[in-house]
Amino acid sequence: VQLVESGGEMVQAGGSLRLSCTASGSIVRIMYMTWYRQAPGKERELVAATSNGLTTYYADSLKGRFTISRDNAKNTLYLQMNSLKPEDTAKYYCAACRSIRKETCDYWGQGTQVTVSS
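Worth saying up front: this structure is predicted, and the values here are computed from it rather than measured.

Enquirer: Any chance you could explain the nonpolar core here in plain terms?
Expert: In globular proteins that are soluble, nonpolar side chains generally tend to be buried together. Grouped together as the largest cluster of nonpolar side chains are 27 residues, with contacts concentrated most on Met33, Trp35, Val47, Phe66, Leu79, Met81 and Tyr92. Mapped by element, the contributors of at least two residues to this core are strand E3 (17–23), strand E4 (32–38), strand E5 (45–51), strand E7 (66–71), strand E8 (76–81), strand E9 (90–97) and strand E11 (112–117). Formed by 6 residues, the second largest nonpolar core is a distinct cluster that contains Tyr36, Ala49, Ala95 and Cys105.

Enquirer: Could you clarify how one ought to interpret the pairing of E9 in this entry?
Expert: Look at any regular strand and the pattern is simple: side chains alternate between the two faces of the sheet. With 7 of its 8 residues buried, E9 lies for the most part within the structure. The sheet contact formed by E9 and E11 spans 3 bridges and is antiparallel. Counted as the bridge partner of Ala90 is Val114 from E11. Summarising the sheet, E9 and strand E10 (residues 105–108) pair through 3 bridges and their orientation is antiparallel.

Definitions and limits used
Residues numbered from 1 in each chain as written. Predicted model: local features only at pLDDT ≥ 70, side-chain atom pairs only at ≥ 80, totals over all residues. Heavy atoms only, no water. Core = buried A, V, L, I, M, F, W, Y, C linked by side-chain atoms within 4.5 Å. Buried < 20%, exposed > 50% of the residue type's maximum accessible area, 1.4 Å probe, protein only. Helix = DSSP H or I, 4+ residues; strand = E, 2+ residues; numbered from the N terminus. Pairing = 2+ DSSP bridges.

Encoded structure:
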């Protein structure tokens, strides 16, 4: 499975963005489609995940601002990001995983850069 992210750009604080991740094949059987992010000098961290049973998980600090969704018919994963803050600046990666643990992710995209200016 190849994953290609899009939608990252520079926005002002308080703005919104929607990231997309399109897979080269079906994502129906992928257990967890997941968004991670990595800021310069920091570890890659979980943002949100959605299971193939459509259960969703979020990093505690992002609940209420970010929404993850998947469209299995389009083989696409989305991340709606609202009320963006400068600390949300990072490269955002899409991953196909067997659980919400990073070490179980078998496929990664190249990432899309999100920059939030104050």
